[in-house]
Amino acid sequence: MGDARAFDHLVELYQDRIFALVRRQVSDFELAEELTQDVFVKAFRGLDRFRGESRLGTWLFRIAINQVRDYRRGKRAHADARLIPLEGEPGCAPPTTATSAAPDRELSEKELADTFSRALSSLTADQRTVLLLRHQEGLEYDELASTLGISRTNAKVRVHRARERLLALVRADGYDL
Amino acid sequence: MSDHRDRTRGEGDAELHAYLDDELGDGANADFEARMRQDPRLARTVGVLGSFDRWLEETRETAPGSLRDRVQSQLSSSSVDMNRTRPHDAATSRSTTRRWTDLVRLPVWAWAGAGAMAAAILFLVFQPQLPRHEGAAGVDADVLTTDAITTDAIVPGVAAPSGFAEATLADHADGASGATPPDVALSLGDTIRHRFTIEAQDASRVCLVGSFNRWTVCKTPLEEVRTGVWAATLELPRGRYEYMFVVDDHWVTDPNSGVRVDDGFGNENAVLLL
């Protein structure tokens, strides 16, 4: 029972962060809840495999990333509208081109919000994941590297490239950056 | 004057990213801010990335309050011995039994016997339909023998997909134990126990992934029932399902499946009609 209480506390601690990460990949609230639930169930069942080499949070993030990836992989053929599409997938909103948008327009927060939303859904899975982990969850590069199982240098390179891709998409929306 | 985009190579403007990551020293930080004052585009770029952070924060959603309870509930239900009645089910069954007996004032044991008979009748009625469904999916012919029905282990954790009548495996495990209450016995006609098999020599792990488990890897592992032969038995509501096997992280179409559909990405999902 002590384990159950401790695990319940762990869920309480991390549920918002895991849910927020999953929710960015899924347009359906209930599906995001189901996938987050599955993350914690998997974590509970795999607690004995948690070796303490990484922080618990990064381990949970890793499970969440894998959970969404596996779900997406399984659902690719089924055009699940509840998944926010990735770059190149059906339903991915193409960014407007610089020629079709007004050049040098003012950076309105409202317009930017729409642009960010479109841009995020135009990224690859890897780009979206690293941007969210770094910019939304505020992971340090060491933590990001541990979560993704890559080197710190590689983590930095991926974040930099993802930012550049995001900026390119914002530019493509007509912003003069 | 060169703007910051001239510096963009590969991962972009290294100074920009170092500034964003707060990795510049005091002097370099001041230099970069001087650059921003000289280069409006660079300043706008930093501003946009700041707006991105704010947008992420403002649109961030928190987990629903029910999540903790749902996790606890799933952990509780999945850890129960499948041969024993879950407390919730027991209460439900007792309650149902009381209602029925109150109606006609018969003792519980009489309804238990009637339930068993109803189950037997329903099973006999539906039995002739089963091989046709099994054959359509090209699965093991021996799946639906009486022996398979009564002795196969059930893979836990697969609940009825949405849109179907609620029919969890634990409910039907009660029936296997011989303590079948009337309401559970009646549900036999709505679900079919199905055995999935695949030959996979030298595999270390084989999983079943399909529309019945929300394509979750590896929610439904197969057991190696004999060397190189893997199997799992699920009890599913009648319906149409698509599935694949995952053999050591490789997605594999069921070679025994007679009905397949193109998944649009160069592979095929097996189709199971129950």
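Attention in this report is confined to the structure presented alongside it. (Residues numbered from 1 in each chain as written. Chains lettered and ligands numbered in written order. Predicted model: local features only at pLDDT ≥ 70, side-chain atom pairs only at ≥ 80, totals over all residues. Heavy atoms only, no water.)

Regarding the sheet that holds strand 4 (residues 223-226) of chain B
Residue and element names in this part refer to chain B.
Reasoning step 1: With respect to topology, three strands assemble into an open sheet ordered 1-5-4, the strand pairing being antiparallel. Edge positions in the open sheet fall to strand 1 (191-199) and strand 4, since each of these has one partner strand only. Between one strand axis and the next, the sheet turns by 40° as a mean value, whatever way the strands run.
Reasoning step 2: In the sheet, strand 4 pairs with strand 5 (residues 229-237) via three bridges, with the strands oriented antiparallel. Across the sheet, R226 pairs through a bridge with V229, a residue of strand 5. (Pairing = 2+ DSSP bridges. Helix = DSSP H or I, 4+ residues; strand = E, 2+ residues; numbered from the N terminus. Axes fitted to C-alpha atoms, helices over the stretch in contact; angles between N-to-C directions.)

Quick look at the side chain of B:T220
Reasoning step 1: Along the chain, the position of B:T220 falls in strand 3 (residues 220-221).
Reasoning step 2: Here B:N213 takes part through its side chain, which lies 2.9 Å from a polar atom of the side chain of B:T220. (Polar contact = N/O pair within 3.5 Å; in protein donor to acceptor, adjacent residues only side chain to side chain.)

Section: the packing of aromatic side chains
Reasoning step 1: Counted according to the given criterion, the structure contains ten aromatic pairs over all chains.
Reasoning step 2: With a centroid separation of 6.1 Å and an interplanar angle of 25°, the aromatic rings of B:F52 and B:W55 are classed as stacked. Within this pair, B:F52 and its partner B:W55 are both found in helix 3 (residues 40-58), separated by three residues, close to a single helical turn.
Reasoning step 3: You can call B:F52 buried: its relative accessible area is 0%.
Reasoning step 4: Accessibility expressed as a relative area gives 11% for B:W55, which makes it buried.
Reasoning step 5: Relative to B:F245, the ring of B:Y243 has its centre 5.8 Å away and its plane inclined at 80°; by these criteria the two rings are edge-to-face.
Reasoning step 6: When its relative accessible area of 0% is taken as the criterion, B:Y243 is described as buried.
Reasoning step 7: Through a chain of ring-to-ring contacts, the aromatic side chains of B:F196, B:F212, B:Y241, B:Y243 and B:F245 assemble into a single cluster.
Reasoning step 8: It is A:R134 that lies over the ring of A:Y141; its NZ or CZ is 4.2 Å from the centre. (Phe/Tyr/Trp six-rings, centres within 6.5 Å; stacked < 30°, edge-to-face > 60°. Buried < 20%, exposed > 50% of the residue type's maximum accessible area, 1.4 Å probe, protein only. Lys NZ or Arg CZ within 6 Å of the ring centre and 35° of its normal.)

A short note on the interface of chain B and chain A
Reasoning step 1: Contacts between chain B and chain A engage 48 residues on the former and 59 residues on the latter.
Reasoning step 2: The contact between chain B and chain A buries some 5,200 Å² in all, and 56% of this surface belongs to carbon and sulfur atoms.
Reasoning step 3: On the chain B side of the interface with chain A, the three residues burying the most area are B:W55, B:R68 and B:R214, jointly 13% of the side's total.
Reasoning step 4: If you look at where chain B meets chain A, you find eleven salt bridges. (Contact = heavy atoms within 4.5 Å. Buried area = accessible area lost by both parts, 1.4 Å probe. Salt bridge = Lys/Arg side-chain N within 4 Å of Asp/Glu carboxyl O.)

Brief notes about the pairing of strand 5 of chain B
All names here are of chain B.
Reasoning step 1: The element strand 5 is largely enclosed, with a buried count of nine among its nine residues.
Reasoning step 2: Alternating positions in strand 5 separate into two faces, V229, A231, T233, E235 and P237 on one and W230, A232, L234 and L236 on the other, with burial throughout.
Reasoning step 3: Looking at chain direction, strand 1 and strand 5 are connected through nine bridges and run antiparallel. Paired with E199 across the two strands is V229, which belongs to strand 5.

A few points about the packing of helix 5 (residues 125-136) of chain A against helix 7 (residues 152-172) of chain A
Residues and elements named next belong to chain A.
Reasoning step 1: As a packed pair, helix 5 and helix 7 sit with axes 9 Å apart at the nearest point and diverge in direction by 105°. Relative to helix 7, helix 5 is oriented roughly perpendicular. Where helix 5 approaches helix 7, its residues D126, Q127, V130, L131, R134 and H135 are matched on the opposing element by R158, V159, A162, R163, R165 and L166.
Reasoning step 2: Classifying every residue of the contact of helix 5 with helix 7 gives five nonpolar, two polar and five charged. (Parallel < 35°, antiparallel > 145°, perpendicular 65-115°, else oblique. Nonpolar A, V, L, I, M, F, W, Y, C, P; charged D, E, K, R; others polar.)

So, helix 3 of chain B
Reasoning step 1: Its 19 residues place the ends of helix 3 of chain B 26 Å apart at the C-alpha level, agreeing with the 27 Å of an ideal helix rising 1.5 Å per residue.
Reasoning step 2: For helix 3 of chain B, the complete set of buried residues consists of B:L42, B:T45, B:V46, B:V48, B:L49, B:S51, B:F52, B:W55 and B:L56.
Reasoning step 3: Along its buried surface, helix 3 of chain B packs onto helix 4 (109-120), helix 5 and helix 7 of chain A together with helix 1 (14-20) and helix 2 (26-38) of chain B.
Reasoning step 4: The N-terminus of helix 3 of chain B is capped by B:D39, whose side-chain oxygen sits 3.1 Å from the backbone nitrogen of B:R41. (Expected span 1.5 Å × (residues − 1).)

Looking at helix 2 of chain B
All names here are of chain B.
Reasoning step 1: End to end, helix 2 covers 19 Å across 13 residues, agreeing with the expected 18 Å (1.5 Å per residue, within 8%).
Reasoning step 2: Residues N29, F32, R35 and M36 constitute the buried set of helix 2. Along helix 2, the residues classed as buried sweep out an arc of 115° about the axis, all on the same side. Opposite the buried face of helix 2, at more than 90 degrees from it, the exposed residues are D26, D31, R37 and Q38. (Arc of directions from axis to C-beta.)

Quick look at the environment of A:E111
Residue and element names in this part refer to chain A.
Reasoning step 1: Structurally, E111 is set in helix 4.
Reasoning step 2: A residue is classified by how much of its surface remains accessible, and E111, at 32% relative accessible area, is partly exposed.
Reasoning step 3: The sequence separation of E111 and D173 amounts to 62 residues, and the corresponding C-alpha distance is 9.7 Å.

With respect to the packing of helix 4 of chain A against helix 3 of chain B
Reasoning step 1: It is at 10 Å that the axes of helix 4 of chain A and helix 3 of chain B come closest, and there the two elements cross at 80°. Taken together, the axes of helix 4 of chain A and helix 3 of chain B lie roughly perpendicular to each other. Here A:E109, A:L112, A:A113, A:F116, A:S117 and A:L120 of helix 4 of chain A come into contact with helix 3 of chain B, specifically with B:V48, B:S51, B:F52, B:R54 and B:W55.
Reasoning step 2: Among the residues forming the contact of helix 4 of chain A with helix 3 of chain B, the class breakdown is seven nonpolar, two polar and two charged.

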